[in-house]
Every structure is written in structure tokens, then in C-alpha cells.
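Structure at a glance
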Amino acid sequence: MDLSDLGRRGLVLLGCGKMGSAMLEGWLGRGLALSAVWVTDPQPSDWLRTLAVRGLHLNEDLPAEPAVVLVAVKPQMMAEALPGLAALGNGRTLFLTVAAGTPIAFYERTLGAGTPVIRAMPNTPAAVGRGITAIIGNGAASEEQMALAEDLLSAVGQVVRLEGEAQMDAVTAVSGSGPAYVFHLIEALAAAGEAEGLSPELAMTLARATVTGAGELAHRSSESASQLRINVTSPGGTTAAALAVLMDPGTGFPAVLRRAVKAAADRGRELGR
Ligand SMILES: NC(=O)C1=CN([C@@H]2O[C@H](COP(=O)(O)OP(=O)(O)OC[C@H]3O[C@@H](n4cnc5c(N)ncnc54)[C@H](OP(=O)(O)O)[C@@H]3O)[C@@H](O)[C@H]2O)C=CC1
Ligand SMILES: O=C(O)[C@@H]1CCC=N1
């Protein structure tokens, strides 16, 4: 990651809750200087206050022309929070927004049509360098700025470019919200283990290690997800019995996840209205 432009001109975070903090943690871990970071957040966390003692600018006046403003407030707060940065619009500052739903057109209306805007959808595994972020830029965002965003975001995981903004709600529903589905899988698997007689502690230890271990295997292996599944499944064995339930077309994972992902994508579209 080339941090020189950010170091010189500054990185502003508008909102620094769970997602902003996850990304900031990743960037600081990759060598971004605290003195290059400005955070605007009405109720900063203890972590941010500690960083402010060590040089991060917390709720201070912003630099005249920061290289990047990361917009990480909730979509519901956007109309209140964004106009305060209108003076940075229509210039060289890149607005990189992670807000679900809010379309690029909203930023252009609020900040000026000539404002470089890149809409990104990251996820919280960014905090450990294992996120995935999808990006799409507006006409004012130069290839150099797309590359800068890619560079910045690749410091916290993979980056993919989208073909069009219309894909963003589906992306949000799969990878933006997706970590929550996986964490819920851990909870549900542990609860099912408890129902089979395990102690809550043992059930949670087994469920957590199984999901993270399977995730790591999927990450490292060149085999497809289907093949990895088949590798666990002995004919006529225990896994096959469970998969008959989970792969049931009407009531199994495919149907449940189809409904869940649709609900998330629909909500994204609603937030964008
Ligand atoms: N969490 C996730 O996994 C992901 C989230 N996102 C997106 O990231 C954005 C932030 O989500 P998340 O981090 O979960 O939410 P959080 O509520 O944790 O963070 C938002 C932060 O913005 C602060 N804030 C509120 N109003 C203002 C304001 N006027 N000016 C500056 N800061 C303000 C909030 O403060 P206070 O708490 O006081 O309100 C809070 O600290 C959302 O738009 C979401 O769609 C995208 C991908 C994944
Ligand atoms: O729940 C949300 O709306 C945000 C967007 C993706 C993950 N969290």
C-alpha cells in the first residue's frame, strides 16, 4: 500500500464505529501514521480516544484538501452528517463511502457533481486483513483514484471492481452482511450441540473451531466448495444424514439463504430511496 499521498494530505473518517474502526485498525497495522488520520465522530470509542493521545486527530478541524474521506456513518445519518463536508466536494478529495444503500447520486447532489466518489462495500473481517470489498466509482473518479482506493482497501483484504452500481445491493447482501450469517451459524451449531447433550462451553468451542477451520480450509484449498463438502461426506454416514436436511430444496440452506439474501438486498434498495 502506498501511503505517501495519504500521509501528506491526510485521511478523514466521517464516522468511526464498527466498520470504520475495522478498516482503520487494518490500515494502522499496515503502517499508516496516526498523525495522517482525522476522525469525526460524536461519540468516539475508548480505542479512538487512546489513539488520539498518540497523535490521531479526533474531532479536530480537517485538513484543507485530504486525499481521502472515508464515509462510514449509517445510511440513516448520512443526510445529517455529509453536508458538513460539502466544502471538500468538487475538488481533488476522493470520497470513499462504505454506506449500504446510499447511491452515488446522493453524494453528487450533496457534495457537487464533480466530486470523485467511490462506493465500496467492505466487511468486518477487514480488521484481520481478510475482508473483501467491492468498489464502483463515478465519472469524476479518475483511474488513479480507483487505483488508490483499491490499494487502500487491498491492505485489509481482497478487492473486486463491479461492472455497475446496480450490483451493489446484492453484493451487500452476500459479502457485506455475510459475516453475520456465518457468526450466526456458529451460534446455531453450538445450540444444536447443546441440544445433543454437550455443555455450552464445549459446544461453542467445537462450533467456533469448526467454522473457522472450515473457512481456512476453503481459503487455502484449491478444491471447490462442493468438493470440500464431498470430502467430509462418507456414503451412508453421519454427514449425509445432516446434509439431507440442510440441502433440502424447500426447507434447507439454499431456500433459507435465498430468502435472507433477498431480504438484505431489498433493504439495501429501500435505504437507497
Ligand atoms: N458493520 C458492518 O459489517 C458493515 C457496515 N457497513 C456500512 O458502514 C457504515 C457504518 O456502519 P457501522 O460501522 O456498522 O455503524 P456504527 O454505528 O458502528 O458506526 C457509525 C458511526 O458514525 C457515528 N456518527 C453518527 N452520526 C455522525 C455524524 N453526524 N458525524 C460523524 N459520525 C457520526 C456513530 O456515532 P454514534 O454511535 O454516536 O451514533 C458511529 O460511531 C454504514 O453505512 C454501514 O452500511 C458496510 C459494510 C459492513
Ligand atoms: O447491516 C448493515 O446494514 C450493514 C451493511 C452491511 C453490513 N452491515
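For clarity, every value in this text was computed on a predicted model and none was experimentally measured.

As a further point, take the overall build of the protein chain. When helices and strands are counted, the protein chain shows twelve helices and eight strands. Dimensions of the protein chain, computed from C-alpha atoms along their principal axes, come out at roughly 65 × 40 × 35 Å. For the protein chain, buried positions account for 40% of its 273 residues. Put simply, 60% of the contacts in the protein chain that link residues at least 6 apart link residues at least 24 apart. With the model as given, the accessible surface of the protein chain reaches about 14,300 Å², and the carbon-plus-sulfur share is 58%. Of the charged side chains in the protein chain, 21 are positive and 26 negative, and the gap between their average positions amounts to 3 Å.

Its domain assignment divides the protein chain into domain 1 (4–168) and domain 2 (178–271). Centre-to-centre, using C-alpha coordinates, domain 1 lies 32 Å away from domain 2. Contacts between the two partners involve eight residues from domain 1 and, on the opposite side, six residues from domain 2. Between domain 1 and domain 2, roughly 520 Å² of surface is buried when both sides are summed, and carbon and sulfur atoms account for 57% of that area. Of all residues in domain 1, Gln76, Gly101 and Arg130 give up the largest surface area on contact with domain 2, accounting jointly for 55% of the area buried on that side.

The subject of this paragraph is the pairing of strand β8 (residues 157–161). Inspection of the sheet shows strand β7 (residues 131–137) paired to β8 by five bridges, in the parallel sense. Note on β8: the bridge partner recorded for Gly131 is Gly157. Chirality of the crossover, the property in question, places the unit of β7, helix α6 (residues 143–154) and β8 among those that are right-handed.

Turning to the site of ligand 1, a few remarks are in order. In the vicinity of ligand 1, 22 residues are found, and the nearest of them are Lys18, Met19, Asp41, Val73 and Ala100. One of the backbone N or O atoms of Lys18 is found 2.9 Å from an oxygen atom in ligand 1. Between an oxygen atom of ligand 1 and a side-chain N or O atom of Asp41, the distance comes to 2.6 Å. Out of a free accessible area of 880 Å², ligand 1 has 79% covered by protein chains. Among the residues making up the shell around ligand 1, the classes are represented as 14 nonpolar, five polar and three charged.

So, about the confidence of the model for the protein chain. This prediction gives the protein chain a mean pLDDT of 95; 99% of its residues lie at or above 70. Confidence metrics for the complex model read pTM 0.93 and ipTM 0.97.

Take the UniProt feature "binding site: NADPH" (unreviewed entry) in the protein chain next. When the UniProt feature table is mapped onto this chain, "binding site: NADPH" (unreviewed entry) is found at Asn59. Those residues in contact with Asn59, other than ones at most four positions away along the chain, are Val39, Thr40, Asp41 and Pro44.

The subject of this paragraph is the UniProt feature "binding site: NADP(+)" (unreviewed entry) in the protein chain. The positions UniProt marks with the feature "binding site: NADP(+)" (unreviewed entry) are Leu14, Gly15, Cys16, Gly17, Lys18, Met19, Ala72, Val73, Lys74 and Pro75. Across 62 residues of sequence, these annotated residues stay compact in space, with a maximum C-alpha separation of 14.0 Å. Tracing the backbone through its elements, the reader meets Gly17 in the loop between β1 (11–14) and α2 (18–29). Along the polypeptide, Val73 turns up in the loop between β4 (68–71) and α4 (78–81). Excluding anything up to four places from it in sequence, Val73 contacts Leu14, Gly15, Met78, Ala81 and Ala99.

All residues adjacent to ligand 2 are Ala100, Thr172, Gly176 and Ser177. Coverage of ligand 2 by the protein chains reaches 46% of its 240 Å² of free accessible surface. A breakdown of the residues in the shell around ligand 2 according to their chemical character gives one nonpolar, three polar and no charged.

Before going further, it helps to spend a moment on the packing of aromatic side chains. Following the criterion strictly, the structure yields one aromatic pair and no others. An angle of 90° between the planes, with centres 5.9 Å apart, marks the rings of Phe106 and Tyr107 as edge-to-face. The residues Phe106 and Tyr107 share a single accessibility class, namely buried.

A few words now on a nonpolar patch on the surface. Together, Leu185, Val245, Leu246, Met247, Phe253 and Leu257 make up an exposed nonpolar region whose accessible area comes to about 490 Å². The set of elements that each furnish at least two residues to the nonpolar patch consists of α11 (238–246) and α12 (253–271). Of note, Val245 is situated in helix α11. The exposure class assigned to Val245 is exposed, which follows from its relative accessible area of 56%.

Right, let's get into the sheet that holds strand β2 (residues 37–40). What the eight strands build is an open sheet, ordered β3-β2-β1-β4-β5-β6-β7-β8; its pairing is mixed. Among the strands making up the open sheet, the edge pair consists of β3 (57–58) and β8. Across two bridges, the pairing between β2 and β3 is parallel. When the sheet's bridge partners are listed, Val39 is paired in β3 with Leu58. Against the sheet, α6 contacts β4, β5 (94–97), β6 (117–121), β7 and β8, and its axis sits at roughly 150° relative to β8.

Each value, and the rule that gives it
- Residues numbered from 1 in each chain as written.
- Chains lettered and ligands numbered in written order.
- Predicted model: local features only at pLDDT ≥ 70, side-chain atom pairs only at ≥ 80, totals over all residues.
- Heavy atoms only, no water.
- Helix = DSSP H or I, 4+ residues; strand = E, 2+ residues; numbered from the N terminus.
- Buried < 20%, exposed > 50% of the residue type's maximum accessible area, 1.4 Å probe, protein only.
- Contact = heavy atoms within 4.5 Å.
- Areas by Shrake-Rupley, 256 points an atom, 1.4 Å probe, with all protein chains shown as cover.
- Lys, Arg positive; Asp, Glu negative; His and termini not counted.
- Charge placed at Lys NZ, Arg CZ, Asp CG, Glu CD.
- Domains from an automatic or database assignment.
- Buried area = accessible area lost by both parts, 1.4 Å probe.
- Pairing = 2+ DSSP bridges.
- Right-handed = clockwise from strand over helix to strand, strands pointing away.
- Near = heavy atom within 4 Å.
- Polar contact = N/O pair within 3.5 Å; in protein donor to acceptor, adjacent residues only side chain to side chain.
- Nonpolar A, V, L, I, M, F, W, Y, C, P; charged D, E, K, R; others polar.
- pLDDT = per-residue confidence, 0-100.
- UniProt positions renumbered as here; feature names shortened; annotations may be inferred.
- Phe/Tyr/Trp six-rings, centres within 6.5 Å; stacked < 30°, edge-to-face > 60°.
- Patch = residues over 30% accessible without salt bridge, like charges linked within 9 Å, V, L, I, M, F, W, Y side chains within 5 Å.
- Salt bridge = Lys/Arg side-chain N within 4 Å of Asp/Glu carboxyl O.
- Axes fitted to C-alpha atoms, helices over the stretch in contact; angles between N-to-C directions.

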